[in-house]
Each structure stands twice: as C-alpha cells, then as structure tokens.
Number of protein chains: 2
Amino acid sequence: MINFKRTHHCNILNKSHIGTTVTLSGWIHRRRDHGGLIFVDLRDKWGITQLVFDPKNSLKAHEEAGVLRQEWVISIQGVVISRSEGMANPKLTTGEIEVQVDTLSILSRSKTPPFSICDEFIDVNEELRFTYRYLDMRRGTLISNLSLRHRVLLSTRNFLDQKGFTEIATPILSKSTPEGARDYLVPSRLHTGCFYALPQSPQIFKQILMIAGVDKYFQIAQCFRDEDLRAERQPEFTQIDMEMSFEKSETVFSLVEELIATIFKQTVDLDILTPFPKMTHKQCMDLYGCDKPDIRYEMTFHRIDEIIQQSHFSVLLDEIQRGSMIKAFVVKDGAKISRRTIDDFSSFVQKFKLAGIAWMKKTEEGFSSSIVKFFSSALLEQLEQKLHVQVGDLIIIGAGPENILNQSFDHLRRHIASLLHLIDPSQYRFLWVTDFPLFSLDDQGQIQSEHHPFTAPNEEDLAFLHKDPLKVRAKAYDLVINGHEVASGSERIYDSDLQSQIFTLLRLTPSDIETKFGYFIEALKYGTPPHLGIALGADRLCMLLCQTENIRDVIAFPKTQKATDLMTQAPSEVWVQQLQELHIQVDKPIDIDTLKESS
Amino acid sequence: MINFKRTHHCNILNKSHIGTTVTLSGWIHRRRDHGGLIFVDLRDKWGITQLVFDPKNSLKAHEEAGVLRQEWVISIQGVVISRSEGMANPKLTTGEIEVQVDTLSILSRSKTPPFSICDEFIDVNEELRFTYRYLDMRRGTLISNLSLRHRVLLSTRNFLDQKGFTEIATPILSKSTPEGARDYLVPSRLHTGCFYALPQSPQIFKQILMIAGVDKYFQIAQCFRDEDLRAERQPEFTQIDMEMSFEKSETVFSLVEELIATIFKQTVDLDILTPFPKMTHKQCMDLYGCDKPDIRYEMTFHRIDEIIQQSHFSVLLDEIQRGSMIKAFVVKDGAKISRRTIDDFSSFVQKFKLAGIAWMKKTEEGFSSSIVKFFSSALLEQLEQKLHVQVGDLIIIGAGPENILNQSFDHLRRHIASLLHLIDPSQYRFLWVTDFPLFSLDDQGQIQSEHHPFTAPNEEDLAFLHKDPLKVRAKAYDLVINGHEVASGSERIYDSDLQSQIFTLLRLTPSDIETKFGYFIEALKYGTPPHLGIALGADRLCMLLCQTENIRDVIAFPKTQKATDLMTQAPSEVWVQQLQELHIQVDKPIDIDTLKESS
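Residues numbered from 1 in each chain as written. Chains lettered and ligands numbered in written order. Predicted model: local features only at pLDDT ≥ 70, side-chain atom pairs only at ≥ 80, totals over all residues. Heavy atoms only, no water.

### Structural notes on the sheet that holds strand 11 (residues 278-280) of chain A
Then, number 1: Spatial ordering of the open sheet is given by 6-9-10-22-21-20-17-11 (chain A), a layout of eight strands whose pairing is mixed. Each edge of the open sheet carries a strand with a single partner, namely strand 6 (166-167) and strand 11 of chain A. (Pairing = 2+ DSSP bridges. Helix = DSSP H or I, 4+ residues; strand = E, 2+ residues; numbered from the N terminus.)

### Concerning helix 12 (residues 402-419) of chain B
All names here are of chain B.
Then, number 1: Over its 18 residues, helix 12 runs 25 Å from end to end, which matches the ideal 26 Å to within 8%, given 1.5 Å per residue.
Then, number 2: Among the residues of helix 12, I404, L405, N406, S408, F409, D410, L412, R413, I416 and A417 are the ones counted as buried.
Then, number 3: Along its buried surface, helix 12 packs onto helix 7 (281-288), strand 13 (325-331), helix 10 (339-350) and strand 16 (394-400).
Then, number 4: The positive-phi residue at the C-terminal boundary of helix 12 is H421, with phi of around 55°. (Expected span 1.5 Å × (residues − 1). Buried < 20%, exposed > 50% of the residue type's maximum accessible area, 1.4 Å probe, protein only. Contact = heavy atoms within 4.5 Å.)

### Thoughts on the pattern of salt bridges
Residues and elements named next belong to chain A.
Then, number 1: In the structure shown here, the tally under the stated rule is 82 salt bridges over all chains.
Then, number 2: Its salt-bridge partner being D241, residue K206 comes within 2.7 Å of it at the nearest N-O pair. Within this pair, whereas K206 is found in helix 5 (residues 203-211), its partner D241 is found in strand 10 (residues 236-245), the two being separated by 35 residues in sequence. D241 shares its class with K206; the two are buried.
Then, number 3: Among the ionic contacts, a cluster of salt bridges with common partners joins R129, R133, D136, R139 and D553. (Salt bridge = Lys/Arg side-chain N within 4 Å of Asp/Glu carboxyl O.)

### Regarding the relation of the copies chain B and chain A
Then, number 1: Once chain B is rotated about the relating axis by 180° and shifted along it by 0.0 Å, it coincides with chain A to within an RMSD of 0.1 Å. Taken together, the rotation and translation relating the two chain copies correspond to the operation of a two-fold axis.
Then, number 2: Interface residue correspondence from chain B to chain A reaches 100%, placing this contact among same-surface, isologous pairings. (Least-squares fit on C-alpha atoms with pLDDT ≥ 70 in both.)

### Considerations on the domain arrangement of chain A
Residue and element names in this part refer to chain A.
Then, number 1: Taken domain by domain, chain A comprises domain 1 (15-108), domain 2 (144-279 + 431-554), domain 3 (297-423) and domain 4 (570-599).
Then, number 2: On a C-alpha basis, the centres of domain 2 and domain 4 stand 32 Å from each other.
Then, number 3: In this assembly, five residues from domain 2 lie in contact with four residues from domain 4.
Then, number 4: Here domain 2 and domain 4 share an interface that buries about 410 Å² over both sides, 69% of which is from carbon and sulfur atoms.
Then, number 5: Counting across the interface, domain 2 meets domain 4 through zero salt bridges. (Domains from an automatic or database assignment. Buried area = accessible area lost by both parts, 1.4 Å probe.)

### What about the packing of helix 4 (residues 141-162) of chain B against helix 15 (residues 538-545) of chain B?
Residue and element names in this part refer to chain B.
Then, number 1: Interhelical geometry of helix 4 versus helix 15 gives an angle of 125° and a closest axis separation of 10 Å. If you check the angle between helix 4 and helix 15, you find them oblique. Crossing angle aside, the handedness with which helix 4 passes helix 15 is right-handed. Facing L148, R149, V152 and L153 of helix 4, the residues of helix 15 in contact are A538, D539, L541, C542 and L545.
Then, number 2: Class assignment of the residues belonging to the contact of helix 4 with helix 15 gives a composition of seven nonpolar, no polar and two charged. (Axes fitted to C-alpha atoms, helices over the stretch in contact; angles between N-to-C directions. Parallel < 35°, antiparallel > 145°, perpendicular 65-115°, else oblique. Left-handed = near helix turned anticlockwise from the far one by under 90°. Nonpolar A, V, L, I, M, F, W, Y, C, P; charged D, E, K, R; others polar.)

### What to know about the pairing of strand 3 (residues 48-53) of chain A
Residues and elements named next belong to chain A.
Then, number 1: Here strand 3 lies mainly inside the structure; six of its six residues are buried.
Then, number 2: Of the two faces of strand 3, the one holding I48, Q50 and V52 and the one holding T49, L51 and F53 are both buried throughout.
Then, number 3: With six bridges joining them, strand 2 (residues 37-43) and strand 3 adopt antiparallel strand pairing. Within the sheet, the bridge partner assigned to L42 lies in strand 3 and is T49.
Then, number 4: Hairpin connection between strand 2 and strand 3: a loop of four residues separates the two successive antiparallel strands.

### Here's the deal with the interface of chain B and chain A
Then, number 1: Counting residues at the interface gives 128 residues for chain B, matched by 128 residues for chain A.
Then, number 2: Interface area, chain B with chain A, both sides summed: about 11700 Å², of which 61% is carbon and sulfur.
Then, number 3: Where chain B meets chain A, there are 15 salt bridges.
Then, number 4: One can count 62 residue pairs in polar contact (both at pLDDT 80 or more) joining chain B with chain A.
Then, number 5: The dominant element in the side of chain B that touches chain A, judged by the number of residues it contributes, is helix 4 of chain B, at nine residues.
Then, number 6: Class assignment of the residues belonging to the side of chain B that touches chain A gives a composition of 64 nonpolar, 29 polar and 35 charged.
Then, number 7: By the bridge criterion, three bridges tie strand 23 (residues 584-586) of chain A to strand 23 (residues 584-586) of chain B in an arrangement that is antiparallel. Looking at strand 23 of chain B, one finds that Q585 of chain A is bridged to Q585 of chain B. (Polar contact = N/O pair within 3.5 Å; in protein donor to acceptor, adjacent residues only side chain to side chain.)

### Thoughts on the environment of S324 of chain B
All names here are of chain B.
Then, number 1: One can find S324 in the loop between helix 9 (314-321) and strand 13.
Then, number 2: A relative accessible area of 10% places S324 in the buried class.
Then, number 3: Here the alpha-carbon distance between S324 and E402, two residues 78 residues apart in the chain, equals 6.9 Å.
Then, number 4: Residues within four places of S324 in sequence aside, it is in contact with D305, E319, A399, G400 and P401.

### Quick look at the confidence of the model for chain A
Residue and element names in this part refer to chain A.
Then, number 1: With 97% of its residues at a pLDDT of 70 or more, chain A has an overall mean of 94.
Then, number 2: When the criterion is pLDDT under 50, residues 594-599 qualifies, and its contacts beyond four places in sequence or with other chains add up to six contacts.
Then, number 3: The ipTM assigned to the predicted complex is 0.94, against a pTM of 0.95. (pLDDT = per-residue confidence, 0-100.)

### Describing the packing of helix 13 (residues 496-505) of chain A against helix 14 (residues 510-524) of chain A
All names here are of chain A.
Then, number 1: It is at 10 Å that the axes of helix 13 and helix 14 come closest, and there the two elements cross at 160°. Classed by the angle they form, the pair helix 13 and helix 14 counts as roughly antiparallel. Where helix 13 crosses over helix 14, the two elements pack in a sense that is right-handed. Each of S496, Q499, S500, F503 and T504 in helix 13 lies in contact with helix 14, whose residues at this interface are I513, F517, F520, I521 and L524.
Then, number 2: In terms of residue class, the contact of helix 13 with helix 14 is made up of six nonpolar, four polar and no charged.

### Comments concerning the side chain of R296 of chain B
Residue and element names in this part refer to chain B.
Then, number 1: Relative to the helices and strands, R296 is located in the loop between helix 7 and strand 12 (302-303).
Then, number 2: Assessed through its relative accessible area of 16%, R296 is described here as buried.
Then, number 3: A polar atom in the side chain of R296 sits 3.4 Å from the backbone oxygen of D424.
Then, number 4: Those residues in contact with R296 that sit more than four places away from it in its chain are I423, D424, P425, Q427, R429 and N482.

### Considerations on the packing of aromatic side chains
Then, number 1: Across all of its chains, the model carries 44 aromatic pairs over all chains by this definition.
Then, number 2: Considering the side-chain rings of W27 of chain A and F246 of chain B, the 5.8 Å spacing of their centres and the 80° angle between planes classify their relative orientation as edge-to-face. Of this pair, W27 of chain A sits in strand 1 (residues 21-34) while F246 of chain B is found in the loop between strand 10 (236-245) and helix 6 (249-268), placing the two residues in two different chains.
Then, number 3: Here Y196 of chain A and Y184 of chain B contribute two aromatic rings whose centre-to-centre distance is 6.1 Å and whose plane-to-plane angle is 85°, an arrangement assigned as edge-to-face. Placement of Y196 of chain A in strand 8 (residues 195-197) and of Y184 of chain B in the loop between strand 6 (166-167) and strand 7 (185-187) is noted, with the two residues assigned to different chains. (Phe/Tyr/Trp six-rings, centres within 6.5 Å; stacked < 30°, edge-to-face > 60°.)

Structural data, given as structure tokens:
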C-alpha cells in the first residue's frame, strides 16, 4: 500500500526545513529534463514545490520519473535541500528549496488536458472551461473565488447568529408562489397532475415563521427562476435571506451595514465606512436616471428646462412643447473627447430611443459647439453655475419623455465612465435607495408590484391606494453597491385585509387569491406581528468581492445562458419509465433554436 | 405611529428592574379578569411576562384590555412592579414581577386557534399541527428544536472550516444519477423533452471537486429522493457531506469523532468519549443480526449449533439438517416475563418469517421450560457458560436461514428492549461498523452496490471481484448512534478502468455508462487523487439530539407520508400555460389510492 499521506502542503517548505524528510502529494504542474536531472513542479491547492530527481541519489526514482506527464498525480518521499546557487525563484514561497526525491509513487495518470493548466492567464474558450470545469478549477482563480465565497457565507452565518438570528431551512419542494418570474416545476408521482414548484424565494415561508413567533430568522437560501439568462443571472442562485419582528426599517439598515462591514473586514480586510448614504427612489431617478446608480463616479443629471426655455434652441423648445424633459450632465475633463466619439454618443442613445444628444465644451476661450449660438452669454453663465462647469469639461444635453431620457442617460453615463476609465475596480461605494414606489406599470400598462405583493405601503400614501396607486410609496429599499442591486428589503403587510386588497389591485380574483395564497391569508389572521426583512444576493456580493464581472466565476458548477450544465449535460433525456411513474408525457420534440426565436 | 420596539424580551424582567419603564411586544398567552384588575400573560419566543391592567393606574388601558383575546399581538408601555404578597410564580424567571400597563396598542387580532397554544402538552392531531404549522410552532418545542438544529449546523460549519474544509454548493438543478432511489425530475423549458434531476446526494460533484484539486470539501446539502416515506424519511433531507484527498479512512474516523464530540459539547453540553468502538459488518451481523445495532443494551446473539447438535431437540436438529443456523440470546432478568408474553414473541418473529422461538428460564432451581428435557445437564452447563446465563435470566433460541434469523432476532431484541424499558433515552452510544460488503443482492437476486457504485473495494479482495463479487469487502463504513445509521462513508474508486468494471458488474451497458456517467468516467482520466468521504444525516442527528423519534420534529415545514405539505397544499395543480411552456402533458388523472395499491 502506497503511503500518500502528506507531511506538508506544497506551499510550506522553505530554508528552515532543509534536511527534513517529507512526503508530498499532488499534480505534475511542469516537468523539465535537464541533462541528468529531472525537475518537476509539484502542485496542490496551496502552492508549488520543486522536486528534483537525481540519478546519483535514486536511480530508480529518476528512471520512473522519466514517464511523468502533466497533471499526473504522484506522491513522493524525499529530503528538502537548498536550490543550487542562482536557481532560487523569489516568486514562490518555496523558491529557495527543492525536494530531492528518494521514492516516487504514481497514483494516477492523466490524458493530455484540452487546455493548459499551468498558465492561468491564457484565455480559454468558455465552453471548454465549463465542460472541463474540474480542469478549469485547477488553474487557481476559481478555487480562490470559491474559498472567498465560503468565507463570506460563514462570516454571515456567525454574524447573524451573534445577533440572535436562527437559520431555518424552508422547503425546496414548495408551492408555486408567483414572484414575477416563471417557476421551475416538479411533477408529483403520488398526486397525478400536481406539481411542486422550486422556490423563487422563501418569502412566504419566512413571513409565516414570523407569524409562528420565530422573531429573527435567516437562511442562506437556494432560489430558482426559470428566466432567460443574462450575465448576472443563473437559474439557481443564493440569497442571504432574513426577516425579523417588532422592528422598523432603521434596524435593517444598521444590521445590514454592520453585516457588510463585517464581511468586507473578515474576507478582504477592507474597512467599510458606515452608515451608508441614503437617497430616495425619486432623487435617484432624477440624479442618475436609474434605481441602482454606480456612485463611484460623478456625472449626475440636472433639469435645465428653465434655461432652455430662455434660449433660442428651437429643437429643444419644440421638445418641451411636446412634453419632453430636458436634462444635462457634465463630463469632467470631457472637452478632450473627440467630435467623432461625441457623435457616437448620439448613436449610442438612439439604441434607447432618445433622438440624440446636444453638447458644449468649456475651453479657456469659453463655450464651444454648434449650439452655443442659441444661448445668450447670461444664459450660458446660468448654465455654467447650475452645472458647476469648469474649463475642460463637456456638457451633454438630452431631451425626451422622462423614462426614455433617464434610461438613455443612465446607459450613456455608464458608457462614458467605462470609456474614460473613471471606475476604480478596487473601490466600493454603497447606497441605500429608499421609498420605492409600491407599484409600477408592466409592458401591458397594467400595475404590478415594484418589489413583491407583500410590501407594506407607506401609511401617508394609503389614501391614494385605490384612486392613484402609482403614487403610493412603499416601505421598501434596495442596497446598491457599485451599480449593482445587492439587497432588497421592505416592511411587510401584516394585516390580512390590506393584503387581500393589494392582491385585488393586482387583478387577482378571489378564487386566484384563495388558490395561490389562501393558506397565507389564513395565517395572517392568527395574530401576525409587524415584521420586515431583506434579502442579499449572495452571488452578486461574492462577484463584487472577487472583482469579477461574471457571476459564473463565483459558482462551482454554473449553467450556460441556455441553462445547460456543459459538464454533466443536464438537462438530459430520462427513461420512459420515469415519465410513466410521474404520469406525464412530453410533447413532440421541437427544435430548440426554432423555439427560442418564436418565444 | 405605534412604537412597538421592545426594550426587553418577555423572559428578562426580574426584581432588579422594579421601577423601570419598559416596552414589551408579543402574543396574549392567557388573560384573566380578576374583579377590577385584568391580568395578561404576554408571550414571545423567549418567555412570558405578566401584565396587569389596573383602572386606578390607567382607565383607558384597562378599558382597552377588556377586548383582548388569546393570540392577539399587542405592544405595551408600563412600569415593572413587584407582584403582590404570595402571588410570585417560582416556575417563571419573571415570576416575581409584573408590568403595570400605562398604554396598550393592539397590533393584530387573532381568530380562535384550532388548538390550544398555551398548553403544549395537550396532544394535537398531527394533520392539524401540520396545517397550522405556525401555531404549532408557537407551542415552543418545535422552535427550540429548530434553534438546536441551527446550533448543530453552525457548529459543524465552524468546525470543518477550522479543519481546512471549504463549503462549496453543488447544483440542485442537476443530472439524474441513480443512487438506488427514484429521482425528482424538473422539466426543462428550453430543451424540450429534457429534464433536470434534483440531487439524491452531491456524490459525483464532490468527487469531481476532488479531481479539481479542492482537497477538502464540505457542504450542508439538501438532497432529494422520491421514495415512499417512513417516519425517518422525508422527500428532501439534509446531509453534512464531506470529501477529502490524499487521506485514508482513519482520518475520516477521527475527524467525524471530533466533529460529533464538538457538536454534542456545544449544543447539549455533553462530553462524548472518543474514539468510538469499531466492529466489522460481519461481527455486527453475527452479534446483533443487523448493521445498525443499538448498543445501549446487551442481548447479543450467539451461535449454539454445536450445543444443539449434542441435544435431543429434534425440531432444531431437523432445522440444522435443512441448513438453518441456530442462535440464542439472553434477556437479563427475563425469567420474570410471563409465559403469555413469551408466546407473543413467537408470533412477533413469525411476522419476519421465523417459525417461532424456543426458550428456557434460569431459576434458583435450575433451568425450566418444556425443552429442558432435550438437554443433558452437562449440555445445559455448557449452554450456561457460553451465554453467561445467571439466575433470573431468560434464554431465547431461534433457528432459520441466516438472514431470516438475523432479521427476526434483531426486531425481537429491539422489541424486548422497548418492552422492558432497557433504553435510557438520554444516553448516546456510538459505533463504527466497518468492512461492509461491496455488493449485496437485490429483490431479484441481482447484485447491487451495498453503498453506491463509487465505493472502493478492499484491495485484498480484488481477486474475487469477478468470480465471487459478494465476497468482496468495501472500504466502507457507517456510523451508528443508538441504532440509527447517522453517517455513511467510504474510500472511493479513483481509477477510471476499475470504475467502469464496477458499472459493468452492476449490469450497465457501455451505452448506459456513457449516457449516465460518461462525464464522470472522463473526469477520472485527468489525474484523480485518492479520495474519500462521508455524509452525515443532519436530520437524524438533530432528531437524536432533540430526543424525539420523529424526524418531522426537527424540520420547519415537513411533508406527510404522501409527500404533501398540508399547510401550503403543495404539490398542487398548475396553470395549463405553465405546462405548455414546459412542453409536457399530464396523463388522465388516476385515483391516488388505486395507484398506491397497484405500485
């Protein structure tokens, strides 16, 4: 029997170990034949140690080492020696030593990998990386991301435990609860024609735990949404989910701030300043045109309708006549941007249905651009003061219906920030966006919950609930980090009548309410405490901490945009018998690509 | 706005707080009108505080308190006062004080609960408890079980983290991997006719993580099996799952022993003696007739074929002729068991296909029973010595084919232990059962994996792999606590050829192997380290720690034996459109009971 139990990991040995007999096990990272000597870089999760096979030391081991190839798994016994003069590698913690091998055991061979493991900077086709996820992991970055993720979730658990929260698992085989997305369904074998749904979130269960008197609940919960995927989305994702009773939003703000500060300190050793700034949803839309602004850079928007109205800028004056809104923002040092690039900005915003942009540069000589002539110098001065324009800046002006203008400017602002490298990827900026509206309009112009139907309306706005529901503010808030929505929380409705009214406003019939939410409405009637909560997107938080833009870099086995696991080839066909037991049949197969286009 | 933010929980206030103004919020546990005074027991998660509404103190609060009913949610401000002479309640931590209420706010009313909350010892129909799980939780036991469960899993995580393990989540939307049970399937919307499977365990993923070089993995994993349920089983269950590379079984034994000792110390403050005793599967079957014996009580089995062969006990002599095995065990102080009860033992074992039992009692006067006459006194002495019989003991003898005898005696042994109250529920006894066979026979007499097909065979037995596979021992072991299998682990096959051979022995065709396990066989070929692991049943462990016999007592929202969540009524019917999007149809409904009988 081979003794492969290690005395050390591959990052440990240094000069202090010289003369020690060691057992190391790991993978062949590189192998070099140098005349009589064979050198092997042995790799494990922690690092690399150089092995030397010297025929003068062990002829047998040297001979056996001749067949070694990349990624084979070996175990060796040997003695730590100093590297020869001038051969030290200062980049490695083990760079001053090597291990002279006495005995070699080959534990496992390897086919030639489809991509290089030893150079992690080589760009590998993403499909190949997913198919051979286990080889991708050997390149290092992924495993260190997963370790960081582990630390984030463990810190979270210990923090919340210390704050008196109890982690309680809620069912995965659950009931369909429409949270605005499509459910994954699981056919029941024992109940023909019935289905479980995988939870889109533990929302109702956690509220029921509050009704049960649990008082402080949390869960690091797997959630599922059968949606078409974008870079930031996966069909299954992880939520740091919490709920508490007899508290107000202020408690949630400070709790989450402390949690975030603890995580950042314990995992990446960053000191985070709390409390985080707050901005209402309204302010946020005015200043940034979106509800999750990246505040690491400036370029806030300002209404300049009044200034335009005093100008002779007929195109914009016409826009105002048509009910458009006029906004402008300043690009610091933007005067250096070429005319051609600025023209591209116009094409850029057209993708978002804005007609185009107007602009001015402020130079030492004053304002310059083809539209300056429409403004009196007093008016220019007014503009300059309003926007705090300085020499070298660029002013960008747009006009359009509020939502289109906001959306276009939001994208343009981010586009310019990226173009001018205004973003420091190592910097983190936090923002609470508060007072979200309770409802918004969907694509069909029908009102829908902006967060979810359990969000409590602001009492001050209750009078508008039926006559002008879009005016009602919710006791709901998001936490935004670097332009990503990382958490979303609210105070909940704890009155069954109000909850039924909200469902009715959302066009659920009494029978819908009964079928989908009957048990919850019933539960609300047995003494429901005031309660509230929040959920943090764990994947996004980890993505930010790992400074990657792709959520798949913090998930061990992610799915592609078509929701496939390329390694296991899930989803896959199943045996006919399995379907028979579940009492279901599959429709005639349709070509996937046809399907995609038609849907 | 009502200020319901609590200054104290309901278990906190005592004499030292007299004179303090407090805000308490919670549920009305009991309410008593005593002449002019109204007393309310206010309850929260932590305890109970008595409130007193005195019209002399606040007429308004007293008047408002008149309408209060059980389980309403209120918040009060008041002052802590001493209870009147002789009114202290020593059973409550708050029993010496009460709070004189100045202001009362009713936060939420309650319908009359379907069962009493304030008397947790009243037996409530289980269906009602599941339907109103949130009210069941208010009765206290469940919430304290869930808190203990939280502590168990948090201790586990911190322990394994300190041992260098990384928690990595593996997919829930996974690939069908036959682990001997039925998969739950999830139809794919984007891939017509294809299905995800919910994982029966993260087995393959964790092995792939070892291939990836993760070295030490763990996960507290949700697992799913679509099986007919017994008291100890749920369709979804939780596993403390771990895997490590370059180690041997001894490391797993000591790691799990330390983990268990840590959990018991940190959660129920018990000192657990390690290491745990070990017994091979063979010894275990010989002594206890089963592979998960409860060793809190004696009554081990002994072969007495040789003694019987020297007797005139023709019935048993005939059995031996037919190839039966003869075993006996001693019930300490069993001579007091009535003839009638002993006769019941015979009927009891007949349920397990054993013909019946023979017995003798040892009294002051020597052996007594109708079979004593078949034995010479020398032979009786031999029996007495072999079984260590003492005066007052009962000997039970059985004969039959080994498996039937073992199974019957195992059940009888447990039956007697329960009948004679030999089990101390507060005691924990641990046992490693090692050297499991690699294969066993299924109902059709075909070989199947005793644990799972990834278990490594013992090298010493490899020669039998093809010619007598049932003889091959596996490097597999279970941890048994008080007769429950709590963990199951093994060294894994790390050679792709051997893995393919095992699949072939299990009658998988090359095409089956390719379809189901192709990606895994491929992964094994890229340098697989020796690895091994274990999984602990978290639900069972918590069940033992909570000293309950029902796994549902440690799960917040369990399913019934028909896999229904009575509270939400999952599984349930879904919209036709949902099925259309998934390209599936449901068969004509069949009556569930008919179905059950035919399957």
